[in-house]
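# Secondary and tertiary structure notes
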Amino acid sequence: MNGAEISVVAGVPKGLLIGGEWVEAAGGAQLAVENPANSEVLAMVADAGPAEALEALAAASRAQAGWAKTPPRTRAEILRAAFEEIMRRQEELSLLMTLEMGKPLAESRGEVAYAAEFFRWFSEEAVRINGDFYISPDGNTRVLTTRAPVGPSLLITPWNFPLAMGTRKIGPALAAGCTVVLKPAKQTPLCSLALAGILIGAGVPKGVVNVITTSNPAAVTEALVGDDRLRKLSFTGSTEVGRELMAKSSQHLLRLSMELGGNAPLIVFEDADLDKAVDGAMLAKMRNMGEACTAANRIMVHRSIAGEFSLRLGERMERLKVAEGTDPTAEVGPLIDQAAVSKVTALVADALGHGAEVVVGGSRIGDRGYFFAPTVIRGVPRHSRMFSEEIFGPIAPVYEFDSDAEAIEMANSTSYGLVAYIFTESFSRAHRTIEALDTGMIGVNQGFVSNAAAPFGGVKHSGFGREGGFEGIHEYLTVKYAALNLG
Ligand code: NAD
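Residues take numbers from 1 onward in each chain, read along the sequence in its written order. Only residues with pLDDT of at least 70 get local features here, since the model is predicted, and only at 80 or more are side-chain atom pairs given and counted; chain-wide, interface and lining totals rely on the full set of residues. With hydrogens and water stripped out, all remaining heavy atoms of the structure feed into the side-chain values.

## Here we look at the overall build of the protein
Going by this rule: Helix and strand definitions follow DSSP, with helices as H or I runs of at least four residues and strands as E runs of at least two, each counted in order from the N terminus. Atoms counted for the radius of gyration: C-alpha only. Globule rule: 2.2 Å times residue count to the power 0.38. Residue burial is assigned from relative accessible area. The probe radius is 1.4 Å, only protein chains are included, and a residue is buried under 20% of its type maximum, exposed over 50%, and partly exposed in between. Only heavy atoms matter for contacts: two residues are in contact if any of them lie within 4.5 Å across the pair. Every accessible area reported is derived by Shrake-Rupley at a probe size of 1.4 Å, with residue values counting cover from the shown protein chains alone. The convention is simple: Lys and Arg are positive, Asp and Glu are negative, and His and the chain ends are not counted. To locate a charge, take NZ of a lysine, CZ of an arginine, CG of an aspartate or CD of a glutamate.
Check the secondary structure of the protein and you find 15 helices and 22 strands. Radius of gyration (C-alpha) of the protein: 23 Å, near the 23 Å computed for a compact globule of 487 residues. The principal-axis extents of the C-alpha atoms in the protein amount to approximately 70 × 65 × 40 Å. The buried share among the 487 residues of the protein stands at 57%. In the protein, the share of contacts with a sequence separation of at least 24, taken over all contacts with a separation of at least 6, comes to 73%. Carbon and sulfur atoms form 54% of the exposed surface of the protein, whose accessible area is close to 18400 Å². Of note, the protein has its 45 positive side-chain charges centred 5 Å away from the centre of its 56 negative side-chain charges.

## Quick notes on the packing of helix α2 (residues 50-69) against helix α8 (residues 217-225)
This is how the line gets drawn: Axis definition: a line fitted to C-alpha atoms, over the contacting stretch in the case of helices. Angles run 0 to 180 degrees between N-to-C directions. Comment on the angle field: the value is read as roughly parallel under 35 degrees, roughly antiparallel over 145, roughly perpendicular from 65 to 115, and oblique elsewhere. Take the far helix as the reference: if the near one is turned anticlockwise from it by less than a right angle, the crossing is left-handed, and if turned clockwise, right-handed. The nonpolar class holds Ala, Val, Leu, Ile, Met, Phe, Trp, Tyr, Cys and Pro. Asp, Glu, Lys and Arg form the charged class, and all remaining residues, Gly among them, are polar.
As a packed pair, α2 and α8 sit with axes 8 Å apart at the nearest point and diverge in direction by 40 degrees. In terms of orientation, α2 lies oblique with respect to α8. Crossing angle aside, the handedness with which α2 passes α8 is right-handed. Seen from α2, the contacting residues are Pro50, Ala53, Leu54 and Leu57; seen from α8, they are Ala219, Val220, Ala223 and Leu224. Residues of the contact of α2 with α8, tallied by class, amount to eight nonpolar, no polar and no charged.

## A look at the nonpolar core
Worth spelling out the cut-off: Definition of nonpolar core: a set of buried residues of the types Ala, Val, Leu, Ile, Met, Phe, Trp, Tyr and Cys, connected through side-chain atoms within 4.5 Å. Boundary definitions for the domains trace back to an automatic or database domain assignment.
Formed by 67 residues in total, the largest nonpolar core has its most connected members in Phe309, Leu313 and Met386. In terms of residue count, helix α10 (residues 274-286) provides more of this core than any other element does, seven residues in total. When we break this core down by domain, the ones giving at least three residues each are domain 1 (3-260 + 462-482) and domain 2 (264-451). In this structure, phenylalanine 309 is in contact with Val268, Leu274, Ala277, Val278, Ala281, Ile299 and Val301, ignoring residues within four places of it in sequence. Formed by 65 residues, the second largest nonpolar core is a distinct cluster that contains Phe83, Leu95, Ala292 and Ile473.

## Quick word on the sheet that holds strand β12 (residues 264-268)
Rules: When DSSP locates at least two bridges between a pair of strands, those strands are taken to pair.
The strand order β14-β17-β18-β13-β12-β19-β20 describes an open sheet built from seven strands, whose pairing is mixed. For this open sheet the edge positions go to β14 (357-360) and β20 (441-444), each flanked by a neighbour on one side alone. Adjacent strand axes in the sheet meet at a mean angle of 25 degrees, parallel and antiparallel pairs treated alike. Across four bridges, strand β13 (residues 296-302) lies against strand β18 (residues 395-401) in parallel orientation. Across the sheet, the residue bridging to methionine 300 is tyrosine 399, located in β18. Docked against the sheet, helix α11 (residues 303-319) engages β12, β13, β14, β17 (375-378) and β18, running at close to 135 degrees with respect to β13. Seen against the sheet, helix α12 (residues 338-353) touches β14, β17 and β18 and runs at an angle of roughly 25 degrees to β17.

## Notes on the site of the ligand
For clarity, the cut-off: The rule for a residue being near a molecule or strand is that one of its heavy atoms must lie within 4 Å of it. Here a polar contact is recorded for every N or O atom pair within 3.5 Å, except that within protein the pair must consist of a potential hydrogen donor and a potential acceptor, and residues adjacent in sequence are included only if both atoms are side-chain atoms.
In the vicinity of the ligand lie 29 residues, with Thr157, Arg168, Ser238, Leu260 and Glu390 positioned nearest. Here an oxygen atom of the ligand and a side-chain polar atom of lysine 183 are 3.0 Å apart. Contact between the ligand and glutamate 244: a nitrogen atom at 3.4 Å from a side-chain N or O atom of the residue. Summarising the interface, the protein chains cover 87% of the accessible area of the ligand, which totals 840 Å² for the free molecule. Looking at the shell around the ligand, the elements with two or more residues in it are α6 (164-176), α8, β10 (232-236) and α9 (239-248). Broken down by class, the residue content of the shell around the ligand amounts to 16 nonpolar, eight polar and five charged. Composition of the shell around the ligand by domain shows at least three residues from each of domain 1 (3-260 + 462-482) and domain 2 (264-451).

## Structural notes on the pairing of strand β4 (residues 40-46)
By the bridge criterion, six bridges tie strand β3 (residues 30-35) to β4 in an arrangement that is antiparallel. Residue pairing for β4: glutamate 34 is matched across the bridge by valine 41. The antiparallel hairpin formed by β3 and β4 contains four residues in its connecting segment, where serine 39 sits at a positive phi of about 60 degrees.

## Considering helix α15 (residues 427-436)
The line we're drawing: Relevant arc is that of directions from the helix axis to the C-beta atoms, nothing else.
Every buried residue of α15 is listed here: Arg429, Ala430 and Thr433. Each buried residue of α15 lies within a common arc of 100 degrees when the element is viewed along its axis, so the set occupies one face. Turned more than 90 degrees off the buried face of α15, the exposed positions are Phe427, Arg432 and Glu435. Against α14 (404-412), β19 (419-423) and β20 lie the buried residues of α15.

## Quick word on the pattern of salt bridges
The cut-off we apply is this: The term salt bridge refers to a pairing of a side-chain nitrogen on Lys or Arg with a carboxyl oxygen on Asp or Glu at a separation within 4 Å.
On inspection of all chains with the given rule, the structure shows 28 salt bridges. The partner of lysine 248 in a salt bridge is glutamate 244, and the shortest N-O contact between them spans 3.9 Å. Residue lysine 248 and its partner glutamate 244 are located together in helix α9, separated by four residues, close to a single helical turn. The exposure class of lysine 248 is partly exposed, given its relative accessible area of 26%. Between arginine 385 and glutamate 389 there is a salt bridge, with the nearest N and O atoms lying 2.9 Å from each other. What makes arginine 385 partly exposed here is its relative accessible area of 32%. Several salt bridges share partner residues, and in doing so they unite Glu85, Arg88, Arg89 and Glu92 into one network.

Shown next as structure tokens:
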């Protein structure tokens, strides 16, 4: 590590944040955070067990009533101050993110700005929580509704967007008046710890935000969801783990938000502007090295233009600079770990075994870190694993279709339903397709849908609940109704 890298990692608190204090895990237990570009250990952070997790929940529970009563304007201004501080420290946080997660610096800068935006957006929403007042149909009762914070919330985040997945949950929770326990992924705890430091600096009272880092998420989460002081679980991660957590959450009937996996189709109709479609496919596929729930997993192109499209996509993919994320010229960084490399390698082998053909890429690069070549692959049959499984890597399989109906049938034939992308110059075709797709989000002539002002979320096995937009804060609010008899 160079001097700037050492100092950025050294500046991050390494303990657990419980009740406003940074504390060690029992027995000084620690877990190692690795740099995926070179497999070297970047830092050691506290490794909590169930006992510390319950202390964090106790702190959140003690702080709940006071935070709920804190004036919305005060809550808003704390979030606003945190937004400003994140942006002031954008370079430092971007470097930290690249070191622990691998994405190129330019993408980390983008994520830091995107992450900060959730604090700005929800600082604006905190002062707009409303209720209603109306007359019952029989005229005898006045219906008064207000919205109250749900209560202490457990926020579980994945490693692929180490800062934004945290702010997308903490922003609306704090705005709504909920206290939180944040549990980041063990691969990328440093951004969450840095974020917690920023929130404290911005004036978050003791116990309102608690952070637990752990190498044993199952045990820690089980203890928390088994405690009736917890009222809400917001989870972003794989469908498999989400399903398990949903079952465990039934014990205390937790309010749930589930942002789970995806298998996004990207449909290029024959009337598409090919420049836009190739640009869109590059963005939808390659953002975050393909390690995004929103990544285009199945690129479906009308047969009449599939040859030209694949060629152009292949040329663009081949030109991408694969390098350590800290290299300012890097466009594609390493995958997160060996398991990720093994998974994409197996998916490519499976497709080739079923008769597919590699246009460019197809294999691991080097043996230092976890780099995989940007890959375009054609002729993948629908019974291949990569048609139905999340690829989570830089592999672009191109499928062909002959009619709109076939494209829509293919797009919807998955258990997931997070996002789809469509490319067409026809307004009516775009509208018909939007209505026919079973997904929570649709990008039209663009390969990117994330936006703090928009409701992010899926249907089917991609989960439920929405983050961002006007909807986001409602995940942390409950409706309270009073029936008023005016006599
Ligand atoms: P993961 O499910 O393995 O882990 C997600 C989080 O859950 C981590 O914090 C992890 O420590 C924790 N976890 C793991 N096992 C657990 C268990 N048994 N009990 C409790 N907690 C547990 O997912 P990942 O590999 O970190 O992230 C990739 C997945 O996240 C992909 O499926 C991706 O599509 C999904 N994702 C979804 C969205 C969305 O908004 N829909 C956004 C980003 C990522």
